[in-house]
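Structural overview for review
Now for the letters of each chain:
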Amino acid sequence: ILQWPQISKCRSPEMETFSCFWTAGNFYNLTVPRILQLLYKKSNEEDWKECPDYITSGQNSCYFNASYTSVWTPYCVQLASKNEVYDKKCFSVDEIVLPDPPVHLNWTLLNTSQTGIHGDIQVRWDPPPTADVRKGWITLEYELQYKEVNETKWNELKPRLSTMVPLYSLKTARDYEIRIRSRQRTSEKFGEFSEILYVSFSQIGIGCDHCTEEVEFPWFLVVVFGVCGLAVTVISIMLSKQPRLKMLIFPPVPVPKIKGIDPDLLKKGKLDEVNSILACHDSYKAQLYCDDLWVEFIELDIEDPEEKNRASDTDRLLSEDDLKSHSCLGTKDDDSGRASCCEPDIPETDFSASDTCDATSDSDQFKKATEKEEDLLCLERQDNDESLPNLASTDPQRQHRNTESENSSVWAPFEDSVESPHLSVHTQISNQNSLTSTDFYAQVSDITPAGRVVLSPGQKSKLGRTQRESCTEQNFTMDNTYFCEADVKKCIAVTSQEENEPRVQEQGYNEDGYFTTESLTTTVANLGAPTAAVPSSEMPVADYTSIHIVQSPQGLVLNATALPVPDKEFNVSCGYVSTDQLNKIMP
Amino acid sequence: GLLLVALLVSHMLLTKEGVTSLPICPKGSVSCQLSLEELFDRAVKLSHYIHFLSSEIFNEFDERYAQGRGFIAKAVNSCHTASLTTPEDKEQAQQIHHEDLLNLILGVLRSWNDPLIHLASEVQRIKEAPETILWKAVEIEEQNKRLLEGMEKIVGRVHSGVVENDIYTPWDGLPSLQLADEDSRLFAFYNLLHCLRRDSHKIDNYLKVLKCRLIHDNNC
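These lines cover the structure that appears in this document, whether it is placed above or below. Position numbers for residues count from 1 along each chain, tracking the sequence in the order it is written. Throughout, the order in which chains and ligands are written sets their labels, letters from A for the former and numbers from 1 for the latter. For this predicted model, a pLDDT threshold of at least 70 governs which residues receive local features, and a threshold of 80 or more governs which side-chain atom pairs are given and counted, while totals over whole chains, interfaces and linings are taken from all residues. Hydrogens and waters are ignored; side-chain quantities use all the structure's heavy atoms.

1. Here we look at a nonpolar patch on the surface
All names here are of chain A. On the surface, a cluster of nonpolar side chains totalling about 830 Å² of accessible area is made up of Leu230, Val234, Ile235, Met238, Leu239, Leu245, Leu248, Ile249 and Phe250. Think of it this way: any DSSP run of H or I at least four residues long counts as a helix, any run of E at least two long counts as a strand, and we number them from the N terminus. Among the elements of the structure, helix H2 (219–239) and helix H3 (243–249) are those that each provide at least two residues to the nonpolar patch. Counting residues per element, the nonpolar patch draws most heavily on H2, which supplies five residues. Assignment of secondary structure puts Ile235 in helix H2. Patches here are clusters of residues that have more than 30% relative accessible area and form no salt bridge, with a 9 Å joining cutoff for like charges and a 5 Å cutoff for nonpolar side chains (Val, Leu, Ile, Met, Phe, Trp, Tyr). Computed with the Shrake-Rupley method and a 1.4 Å probe, the accessible areas treat only the protein chains shown as cover for residues. Every case where a carboxyl oxygen of Asp or Glu lies within 4 Å of a side-chain nitrogen of Lys or Arg is listed as a salt bridge.

Here you go:
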């Protein structure tokens, strides 16, 4: 390969002189040996001049001493023989500064650790002798590198201006090597490294030969034992019979499936069960029928005699089954081994609920079985479910009955309100389709001694209602699921005198909207028509009642009487009323 | 967003170099003056920072616009400050009187005032100029002003008698920065930035020499 002569580099060590070096290549092995010349030219000159000194910097070099060097003047050099130019370079001296290495490296001991295993040293050096640092002509910064003797990788320190640096925590049992290089402060390139400085603690008598066995942290042992211990713990938990502990550590993993739909059931065409499955369970609280969390419900075929009495499939489908208090949204449905019929946050709630679970009747087992799948479809249900999830959480049995039209006997007051399957007792705060003719909410008219809440039917049909007066103009944000009590109250207060219609409701009728418990409880409504008076669906019934007693956490006892609307507006943030404000409402 | 980052970076750089403004005078002092040493310290820090920025902006510009255009080959870049005779090596720098050197420094700084203002504004017109170049140009212009103020203070302290300073070269390179032909325009920028880097290095060096000479008695 033919290699042309090339200028390899030009370098100034101290910004007072500079040298250029070139390689001759193998060019003139092939032809008559030519004499290479280096010509130079300053930018303000016309002629090329020859190199003043070919010797001082060695072979194939050209040395320009101080008299030939102008620092900030552009130069051009070219490598040429008689009539051929092989290479050319242009630069100015301030750009090619590469300092010499520092000299006179030495180290002193600063101190050693108590055990004598580690020590600190201070390394000092002098700037390269050629660089005139004292007069400030050149400013250098230094980079120190060190490593143990038998290592391969150097540790680098940050470049610094000072000519001394401490090195901390070196092992006294090992020997170290140190080297330093320098560069001009605003340059990027470093000069050559200095000679290597050897650091050996044993030389000054503090080497600790016996300390070679450093107690290093036995990471390996720690990891191994940690893993073993963890494995033992996990296995013991898995094998233990403590269901709660097991539940705590290994929460049940739901099998992915469409909530509420069991393909097998659909295939078999058992409408009853499908119907019950499609029932919406609205309670969020743990109305748990979990007498045993770990009972597996693969499939239950318990037939409910009531269900056979259903008028039609459609009715059955649309009637409210039941229900459990499983929420539409929250529970897991997992038919491949029901770990729990409870909410995800089981550990807290189910312990208390399981007590109540035990009290459930056997008939609830069926409900449990068929409704083990919660369904989100209850959102689309045309029917109302009954549930008072937040009102009586301790009473899981409230809605366990299939409250079909025929079976509303349990809820005496409103059986006649059930004219159609669509209209039934509801006490819910469930997500109802506004298209249904059923109420979104119903008024709690009484609480039976058993602890069940008796609801009064709401209005039959909200749709197509003519707008009432001032409330109609009000713009309730329909897409909010929460309403400001203030707004609602205003509406109610204005119109409550005339009608006991919960107009607000109609305004607030929203596919997805539902009132929170708070809104339910704090809204003061005129209960002009308590339960007994409103059997017919036409009769408007106040949908809200006031709280009589708040027995948290077990529920609220609602007051059947109307309470006066307080004069002043509450300063209520949407959706919530503090207990103080609540007290104000209360007589 | 980018501007904020640029500001933060510049602030970091400033604090790194210690160029943030320090409280000059303790409160309540009537006649308060910084020592000459303090003035020189700050001036050196500023000049070092300006040179650092100039190097960076030149490198960035070189990388981005000058590759393959052969700008370097045209090494006959003459700077507008070439007419000022400044020391070109250590000997000359040693021999020149410190007052003259100070005046020279002032003259060079003044001569760069105008070009830096135009650089900061014209560089924005370069097609797709990177943000780093833009803010550096602005920063250099600002710091140059500060250094000029500081140097005038120093000169006021050091000079005995009336200060006569007419050292100045005007700059007429603005049209070249506004050329229609992109190549020529970019070459004009390249030239200017190259000169800026060189001159900022000169200033930095002269100030360090002066500092060592006047403050530390040639024993830095």
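Once the structure has been displayed, the description carries forward.
2. Some points on the sheet that holds strand S1 (residues 6–11) of chain A
Residues and elements named next belong to chain A. At least two DSSP bridges between two strands are needed for those strands to be called paired. Taken in spatial order, the three strands of this open sheet run S1-S2-S5, and their pairing is antiparallel. Strands at the two margins of the open sheet, each flanked by one partner only, are S1 and strand S5 (61–64). Pairwise comparison of adjacent strand axes, ignoring direction, gives a mean angle of 15° for this sheet. Where helices are involved, their axes are fitted lines through C-alpha atoms of the stretch in contact, as for all axes, and angles between N-to-C directions lie from 0 to 180°.

3. Points about the state of the cysteines
Residue and element names in this part refer to chain B. Any cysteine sulfur atom paired with another within 2.5 Å is treated as part of a disulfide. Summed over all chains, the structure comprises five disulfides over all chains. A disulfide bridge connects Cys79 with Cys195, and the sulfur atoms are separated by 1.9 Å. One disulfide, between Cys79 and Cys195, carries an S-S torsion of -95° and so falls in the left-handed class. Linking Cys79 in the loop between helix H2 (36–66) and helix H3 (90–95) with Cys195 in helix H7 (residues 182–214), this pair joins segments that are 116 residues apart in sequence. You'll find Cys79 and Cys195 in the same group, each marked buried. Put simply, Cys212 and Cys220 are joined by a disulfide, and their sulfur atoms are 1.6 Å apart. The sign of the -110° torsion about the S-S bond sets the Cys212-Cys220 disulfide as left-handed. For each residue, the accessible area found with a 1.4 Å probe, counting protein chains only, is set against the maximum for its type, and the residue is called buried under 20%, exposed over 50%, and partly exposed in between.

4. Some points on the pairing of strand S9 (residues 118–126) of chain A
Residues and elements named next belong to chain A. Here strand S8 (residues 103–112) pairs with S9 via seven bridges, running antiparallel. Counterpart to Thr108 in the pairing with S9 is Gln122. The hairpin formed by S8 and S9 contains five residues between the paired strands, and Gly116 there has a positive phi angle of roughly 80°. Bridge analysis of S9 against strand S12 (residues 164–171) gives six bridges, and the strand direction is antiparallel. Bridge pairing in S12 links Val123 to Val165.

5. Here we look at the interface of chain A and chain B
Between two residues, a contact is recorded if the distance between any of their heavy atoms is within 4.5 Å. If you look at the interface, chain A gives 25 residues, while chain B gives 26 residues. Each of two parts loses accessible area, computed with a 1.4 Å probe, when they are put together; buried area is these two losses added. With both sides pooled, the region where chain A packs onto chain B buries about 2,200 Å², and carbon together with sulfur makes up 51% of that total. Of all residues in chain A, Trp72(A), Lys135(A) and Trp137(A) bury the most surface against chain B, accounting for 33% of the area lost on that side. One can count three salt bridges joining chain A with chain B.

6. A short note on the packing of aromatic side chains
Residue and element names in this part refer to chain A. Here the aromatic set is Phe, Tyr and Trp, taking the six-membered ring for Trp, and pairing holds for ring centres within 6.5 Å; pairs whose planes are under 30 degrees apart are stacked, those over 60 apart are edge-to-face, and all others are tilted. Scanning the model with the defined rule gives 16 aromatic pairs over all chains in all. Centre to centre, the rings of Phe18 and Tyr75 are 5.1 Å apart; their planes meet at 65°, and the pair counts as edge-to-face. Of this pair, Phe18 sits in strand S2 (residues 18–23) while Tyr75 sits in strand S6 (residues 74–80), placing them 57 residues apart in sequence. Classification of Phe18 by relative accessible area gives buried; the value is 0%.

7. Side note on the packing of helix H4 (residues 98–122) of chain B against helix H5 (residues 131–158) of chain B
Residue and element names in this part refer to chain B. It is at 9 Å that the axes of H4 and H5 come closest, and there the two elements cross at 155°. Between H4 and H5, the angle is such that the two are roughly antiparallel. Crossing angle aside, the handedness with which H4 passes H5 is left-handed. For this classification, the nonpolar set comprises Ala, Val, Leu, Ile, Met, Phe, Trp, Tyr, Cys and Pro, the charged set comprises Asp, Glu, Lys and Arg, and every other residue, Gly included, is treated as polar. The residue inventory of the contact of H4 with H5, partitioned by class, reads 18 nonpolar, four polar and five charged. Roughly parallel means an angle under 35 degrees; roughly antiparallel means over 145; roughly perpendicular covers 65 to 115; every other angle is labelled oblique. Crossing handedness follows the turn of the near helix against the far one: under a right angle anticlockwise gives a left-handed crossing, and clockwise gives a right-handed one.

8. Details of the pattern of salt bridges
Following the criterion strictly, the structure yields 22 salt bridges over all chains and no others. In this structure, the salt-bridge partner of Lys135(A) is Asp132(A), at a minimum N-O distance of 3.6 Å. Here Lys135(A) falls in the partly exposed class, since its relative accessible area comes to 28%. Among the ionic pairs, Glu128(B) bridges to Arg64(B), the shortest N-O distance being 3.7 Å. Of this pair, Glu128(B) sits in the loop between H4 and H5 while Arg64(B) sits in helix H2, placing them 64 residues apart in sequence. Overall, the relative accessible area of 61% leaves Glu128(B) in the exposed class.

Purely geometric stuff here, so don't read any function into it on its own.
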